[in-house]
Amino acid sequence: MVLWANHGWAQIAPIEGIRLVRITFLTPNLDSLTRAFLKRGYKIIQGKREAGGIFNNSIRFPNGCQMILETTLSSDPNDWRYAALKKYGTHISGIAFETNHPDALRESLRSLGIPVSPIGSYSQVRLDGSQYLSQAFAIDTCAPLDVVFYSKDTSTEHSQEIDSLSHHRNRVYRFDWVLLSAGISVEKNLRKVFEVISTWKLHEGCCDFWRVGPADDFCFFRFEPPLKKNGSLSDWLSIEPDNIYFAY
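Residues numbered from 1 in each chain as written. Predicted model: local features only at pLDDT ≥ 70, side-chain atom pairs only at ≥ 80, totals over all residues. Heavy atoms only, no water.

Student: Honestly, the side chain of Ser 151 in this entry has me stumped. Any pointers?
Tutor: Following the sequence through the fold, Ser 151 ends up in strand β9 (residues 146–151). For Ser 151, the contacting residues outside a window of four places in its chain are Thr 99, Pro 102, Tyr 132, Ser 134 and Gln 135. (Helix = DSSP H or I, 4+ residues; strand = E, 2+ residues; numbered from the N terminus. Contact = heavy atoms within 4.5 Å.)

Here it is, written out as structure tokens:
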């Protein structure tokens, strides 16, 4: 087995202060998925309850990351959630990062030919339940997965009271690994993204993988071969429910 690390490989210097903060599950059966996580010892926080719209629950990890379990009650064929559920069933529909330097990051991605779209101000929820406005932008051409970057909220820090491991009976601390399935063109673009947002690139066997986040609070990413169900969708990007691993 060969394992190597390279800190100086990117064409553009990595931008500091980037960290995974949220993963969203989209499911046709929110109750069953919620019960599955409850049985594994997760504490569920009830979220949106929009009549005829979005229902979701969430899980907060001690490091401040969030997992959202979400469904839609809409039957409108133009609703992207309804269309995605009908085609793919339960899957990961969104992944979000935070950054200290959103403007610099956006320009770095554009300089590498990565298409991005501004979202503008977006309401975020702090660990204590209060809200704040964050500037955000998304990477284009990754549908049906949303890849979003938010400006970091620096007004509050984690506390023992909010982040206590006692809220997580199974001792899960953070997301540890995320395995992506992507078409050729999307993987090529995302490799450029990881050049900018990762703090460490490594190689083992035939696979590259990237560490995103600081040394004491990080997540690894790597690519898997595209799933058979994706057929000829060359631009497909997905994260299956069993391609998320947790750190204990």
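Student: Is there a simple way to think about the pairing of strand β12 (residues 207–212) in this case?
Tutor: Both faces of the sheet carry side chains from a regular strand, because those side chains alternate between them. Burial runs high along β12: five of the six residues are buried. Counted between consecutive antiparallel strands, the loop separating strand β11 (residues 200–204) from β12 contains two residues, among which Gly 205 sits at a positive phi close to 60°. Note: β12 against strand β13 (residues 219–224), four bridges, orientation antiparallel. Across the sheet, residue Val 212 finds its bridge partner in β13, namely Cys 219. Between β12 and the antiparallel strand that follows it, β13, lie six residues; Gly 213 among them carries a positive phi value of about 115°. (Buried < 20%, exposed > 50% of the residue type's maximum accessible area, 1.4 Å probe, protein only. Pairing = 2+ DSSP bridges.)

Student: Can you walk me through the confidence of the model for the protein in this structure?
Tutor: Do not read the predicted coordinates in detail wherever pLDDT is low. Overall, the prediction assigns the protein a mean pLDDT of 81, with 81% of residues at 70 or greater. Scored below 50 in pLDDT, residues 1–11 shows 26 contacts in the model against residues more than four places distant or in partner chains. A low-confidence stretch, residues 158–166 stays under pLDDT 50, and its non-local contacts, those more than four residues away or across chains, total 17 contacts. (pLDDT = per-residue confidence, 0-100.)

Student: What am I meant to see in the pattern of salt bridges here?
Tutor: Scanning the model with the defined rule gives ten salt bridges in all. A salt bridge links Arg 19 to Glu 98; the shortest N-O distance between them is 3.1 Å. Of the two residues, Arg 19 is situated in strand β2 (residues 18–26) and Glu 98 in strand β6 (residues 91–99); the sequence distance between them amounts to 79 residues. Both residues of the pair, Arg 19 and Glu 98, belong to the buried class. As a salt-bridge pair, Glu 107 and Arg 110 come within 3.1 Å of each other at their nearest N and O atoms. (Salt bridge = Lys/Arg side-chain N within 4 Å of Asp/Glu carboxyl O.)

Student: I'm lost on the pairing of strand β4 (residues 54–60) in this one. Help?
Tutor: Judged by how many residues are buried, β4 sits mostly within the fold: six of seven residues are covered. Here three bridges tie strand β3 (residues 45–49) to β4, and the two strands are oriented antiparallel to one another. Directly across from Arg 49, in β4, lies its bridge partner Phe 55. Where β3 hands over to β4, the hairpin turn is made up of four residues, of which Gly 52 adopts a positive phi near 70°. Two elements, β4 and strand β5 (residues 66–72), share seven bridges in a ladder whose sense is antiparallel. Within β5, the residue paired with Ser 58 across the bridge is Ile 68.

Student: Help me understand the packing of helix α3 (residues 102–111) against helix α5 (residues 184–197) in this model?
Tutor: Between two packed helices, what matters for the description is the angle formed by their axes and the separation of those axes. In the contact formed by α3 and α5, the axes pass within 10 Å of each other and the chain directions differ by 140°. Here α3 is positioned oblique relative to α5, judged by the angle of their axes. Between α3 and α5 lies a crossing of right-handed hand. Of the residues in α5, those touching α3 at Leu 105, Ser 108 and Leu 109 are Val 193, Val 196 and Ile 197. (Axes fitted to C-alpha atoms, helices over the stretch in contact; angles between N-to-C directions. Parallel < 35°, antiparallel > 145°, perpendicular 65-115°, else oblique. Left-handed = near helix turned anticlockwise from the far one by under 90°.)

Student: Could you clarify how one ought to interpret the packing of aromatic side chains in this entry?
Tutor: A complete count under the given rule lists 18 aromatic pairs for this structure. A ring pair is formed by Trp 210 and Phe 223, whose centres lie 5.8 Å apart and whose planes are at 85°; its orientation type is edge-to-face. Of this pair, Trp 210 sits in strand β12 while Phe 223 sits in strand β13, and the two are 13 residues apart along the sequence. Both residues of the pair, Trp 210 and Phe 223, belong to the buried class. Among the aromatic residues, ring-to-ring pairing joins Phe 97, Phe 137, Phe 149, Phe 194, Trp 210, Phe 221 and Phe 223 into one connected group. When the ring centre of Phe 37 is taken as reference, the NZ or CZ atom of Arg 40 above it lies at 5.7 Å. (Phe/Tyr/Trp six-rings, centres within 6.5 Å; stacked < 30°, edge-to-face > 60°. Lys NZ or Arg CZ within 6 Å of the ring centre and 35° of its normal.)

Student: Would you mind going over the state of the cysteines with me for this structure?
Tutor: Covalent bonding between the sulfur atoms of two cysteines is what defines a disulfide. One pass over the full model with this rule turns up zero disulfides. Of all cysteine sulfurs in the structure, the one in Cys 219 sits closest to Cys 65, which takes part in no disulfide; the separation is 7.9 Å. (Disulfide = S-S within 2.5 Å.)

Student: What am I meant to see in α3 here?
Tutor: All of the buried residues in α3 are Pro 102, Leu 105, Arg 106, Ser 108 and Leu 109. One side of α3 carries all its buried residues, which in axial view fall inside an arc of 165°. Count one or two residues on from α3 and you reach Gly 113, which has phi positive near 85°. (Arc of directions from axis to C-beta.)

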